[in-house]
Structures are given as structure tokens and as C-alpha cells.
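# A closer look at the structure
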Amino acid sequence: MGSAGGGRAHGGRRSGAGLPRGPQALPREQVAAHQRERLYGAMVQCVDEHGYVATTISELCTRAHVSRRSFYEHFPNKDECLLATYDTVIGRLRRRLDEAQSPAETWEEQLEAYIRTLFDAAGERPDAARLVCVEMGAAGPIGVRRWAQGAERLQRHIVAGFARADGPGTVPDPVARAIVGAVRRILYTRVQRARTSRSLRNELAGLVPDLLAWIACYHPSPEGLPMRPRKRRASALGAQLGGRAPGTLSARGLSGERGLPRGEHNLPRGFVTHNQRERIFDAIANLTARRGYPALSLDEIATEAAVSLQTFYTHFAGKEDAFIATYETGHARAMAVVNQTLLRQKSWIGAVRAGAAALLELLACEPSYAHLALVDVMIAYPHMAQRAHHANDFYAGLLDLRTPRDSPTPLPSPVIAEAIVGGVFELLHDYVLRGQSRRLPELADHIVYIALAPFMGADRAWQAISRG
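Residues numbered from 1 in each chain as written. Predicted model: local features only at pLDDT ≥ 70, side-chain atom pairs only at ≥ 80, totals over all residues. Heavy atoms only, no water.

## Details of the confidence of the model for the protein
Reading fine detail from the predicted coordinates is not recommended where pLDDT is low. Overall, the predicted model of the protein reaches an average pLDDT of 83, with 82% of residues at or above 70. Mean pLDDT values over the elements of the protein span from 39, in strand β1 (residues 8–9), up to 97, in helix α2 (residues 57–64). Predicted confidence for residues 7–15 stays below pLDDT 50, and this span has 13 contacts to residues more than four positions away or in other chains. Confidence drops under pLDDT 50 across residues 251–256; counting only partners more than four residues distant or on other chains, this segment forms four contacts. (pLDDT = per-residue confidence, 0-100. Helix = DSSP H or I, 4+ residues; strand = E, 2+ residues; numbered from the N terminus. Contact = heavy atoms within 4.5 Å.)

## Details of the nonpolar core
Ranked by internal contacts, the top residues of the largest apolar core, which has 142 residues, are Phe-119 and Trp-214. In terms of residue count, the dominant contributor to this core is helix α8 (residues 173–193) (11 residues). Contacts of Phe-119, omitting those with residues within four sequence positions, involve Val-183, Ile-186, Leu-187, Leu-204, Val-208 and Leu-211. (Core = buried A, V, L, I, M, F, W, Y, C linked by side-chain atoms within 4.5 Å. Buried < 20%, exposed > 50% of the residue type's maximum accessible area, 1.4 Å probe, protein only.)

## Things to note about the packing of aromatic side chains
The way to describe two aromatic rings as a pair is by their centre distance and the angle between their planes. Applying the stated criterion to the full structure yields 11 aromatic pairs. For the ring pair Trp-107 and Phe-162, a centre distance of 5.2 Å and an interplane angle of 50° mean the geometry is tilted. Of this pair, Trp-107 sits in helix α5 (residues 107–124) while Phe-162 is found in helix α7 (residues 141–163), placing the two residues 55 residues apart along the sequence. Grouping residues by exposure puts Trp-107 and Phe-162 together as buried. The interplanar angle of 90° and the centroid separation of 5.3 Å between the aromatic rings of Trp-214 and Tyr-218 together place this pair among those described as edge-to-face. A cation over a ring is seen here: Arg-184 above Trp-147, with NZ or CZ 3.8 Å from the ring centre. The ring of Tyr-293 carries the charged tip of Lys-319 above its face, separated from the ring centre by 4.3 Å. (Phe/Tyr/Trp six-rings, centres within 6.5 Å; stacked < 30°, edge-to-face > 60°. Lys NZ or Arg CZ within 6 Å of the ring centre and 35° of its normal.)

## Overview of the pattern of salt bridges
One pass over the full model with this rule turns up 22 salt bridges. Two residues, Arg-92 and Glu-37, come together in a salt bridge whose shortest N-O distance is 2.9 Å. Here Arg-92 is found in helix α4 (residues 78–100), whereas its partner Glu-37 is found in helix α1 (residues 28–50), with 55 residues between them in sequence. Close ionic contact of Arg-185 with Glu-418 constitutes a salt bridge, the shortest N to O distance being 3.9 Å. Of this pair, Arg-185 sits in helix α8 while Glu-418 sits in helix α19 (residues 414–433), placing them 233 residues apart in sequence. Of the two residues examined, Arg-185 and Glu-418, each falls in the buried class. Residues joined by salt bridges that share partners form a network here, namely Arg-177, Arg-184, Glu-426, Asp-430 and Arg-434. (Salt bridge = Lys/Arg side-chain N within 4 Å of Asp/Glu carboxyl O.)

In C-alpha cells, the structure reads:
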């Protein structure tokens, strides 16, 4: 990644050091620029060492050798400092990527130069890569949106690169966005577990050939494959898979009341406990989708779930514990729905198609949970986002389904299954982030195409989808 405050700057002075005390010969604008650069470097260092949530303004000021007053002259809060640091890192990376491109190269060579430059930058500065690829969600919705803006730019670059290829054809927008998601997941997982800059650089470099082969399998797009998803009517299937409207994890009782009847009753204790937990999950999903995880309070959860705080604490240790349990419960139900669907299929292609459709229908009729699982889990805390990436490995396992009749050609590398899952997650994330959860089933054809093409080739994959 492009450095932010790293190395040496300003005539050989270490970028983390402050300017000499006393009267300065430097113009005020240059002093301010030097301070901002040091704050960028401090932010990268602090986030790398113990994460954004644990980083404090006091620590940033100490490391950057600036006063709190100077900090607030530049930024109104810590989030704005993070965003400015991100913009600086991305700006320098973008210039480096532009320099790596050559009009004399083929589109394949340009794509390889782009991926290698991106991976080299991450390997050289894993601390900056961690800020960009792992920690931005901790800044809340604004951090997620900033990353999404960068993803859109990268998507446009990929589409433009394919357009320069010889002959007709390009790739659909959803496929280009999936490529962005694949790169994002690969960087995220490697940066998370990297021990040294050298190990990260070597591992990423080793993935380039297989990743490029995966990307190339989607070009050119087959004739008839739409460039954008076709709008569809809501399926009746979704109404059967979800909870009570509008998109919740639990069904409403016949009385329509949120809680159980007050006073003495003969309900079994296990039923009462289950019902209380379901209402808490329901409340967390709806409140989080409405206002975001950072604004979520225990009082609101208890009120929405029609339980007391004392009852809440009999089930969960706190807000984070309840949030994780809500995510895990929804994910378990999604796996159950997909697995039940797969059991009814007789072919590998049919299983991939039916499994994808079932998942999309479930998420479409559970928009609150979809937002929690695809957006808010990336915001809450980085370790929660890591849990979401591990959960997605279940969907990668769907690609390993085999039957003797239609067993596809094995994938040349495990990273391709990882790339497919990362790409699909990015598509779903983008739809939900733009408030289009109810329209997720529109993505079915493109998602199945993304999953099938590496095994079967682009043309055969689209033919299989077209046959229904």
C-alpha cells in the first residue's frame, strides 16, 4: 500500500518526529502539512498494533508529536483522521497503479501489472494494508461507504481494462464487482494472518497466476448474458423462508403481542427462554439495520424485545455477545435452508443453482438480518468481520459438491473457491448497502454464472443457466 507517514520525509527528517521547537522558518502551511503527515503515520502504526477501536486521540498526538489542540485544528474527531489517512494511502496507491500501466501492453499484461502492483504494495506496507483492508469497518457506516467508493473505482478500472481487449465483448458489471470482492477477501485474509512483510509479499505473489487465470475465465462474456441483473418480482418462496414481516428472525405470536403474557402461566421454562432469546435476536436485527451497530443500546434492545435488562443479562453478557449470537443464529438458519434445498437436488449444477436461489430468497425476506450479516458485521469490530469471513467458508464448500454424471473439472487452486465466495459476498454486500435487500434474488443468474464458469467455461455455464 502507499505509505502514509512512513519512512523519511522533509529533507531526511524522520516522519514521526516533530519540528524543532521555537520560531520556525517554515511557512505555516508547511508546518500544518508536516503535522498531518505525522498524524497519518501515527494512525497507521496504532491501528496496526492494537486496532482502530483501541486507538485514542492522546496516543495519536503522542506518536505524532503534536498537541491535542493541533490535532483538533486538523480533524474534528478520530474517525475523520482515519478517513483522511485512508484517502492518503489510497491516493498514493492509485498513483502507483497508474504508473504500472503501459498502453503498449495487452489487457492480460495490464491486468497482471495491476494485481502484482496492488499485492506488492500490500506486502511492502502490511500496516497500511491492515488499515485499508481490515480496519475501515471499525469507523462505522462512513468507513464502509468509503471502502465501497474505492471498490466502485476499481470495478470501473477492471471493466475499462477488459474493454481494451482485442475483439468484441467485455464482462458484466456484477462480474467485475465480484473480481473486486475476490481481491478484497484475499487481501483481508492474508493481511490478518501475516507475520512479516516478506511472508505476506511472498504469499500474495504466489497467488497471482491462479487469480489471473480465474479472472480471465470470465472474458469475453457469453452472448445473451445481461450486463446488469434483470429485475424480478418477489418470489413466493421468500415469504415461506423468513420470519414475521418486515424481515425478522422470529415469528409473531397469534396474539400479535411482542412479549409473553404477564403474570403466572403454564408455559414450559424452555419455551419461555427460547421465546425471549428469539425476541432479543429480532430486536437486535431490526435496531441495527435501522440505526447501525454503534448506536445500539441495551435499553433499546430490552424495550424492543419486551424484556427487562435483568432478563437480557440472564441470556447474554452484553451487547457484543448478543450481537454475535444473533449473527450466528441467522447464519445457522441460512445453512439449514441451503442444506435442505441441496438434499432435493440430483446434479451438481442443479445444487449450485438451487442453493444460491434459496440463500438469496432467505436474505431478501429477512432484510434486517441481511443488513446485519452483510454490512453491520463488518462495522461492529474487526474480529466479528473475521468471523463472517470464516462463516462464508460454508458457501465455498458448496462448490465441492459432486455427482458422477456432471462432475466438473477440478479447480486448479483452492484460492479460486475463495475468490468466488469473496466475489459473491461483495455483490450481496453492495446490494444491501444500497438498500436493495429485497431485490437480492435479481442476482441469481450472475452469481451462478460466477460459480460455474471456472469449472465449465463461460459459454457452457451460461448455457446451463439459460436452460433453467
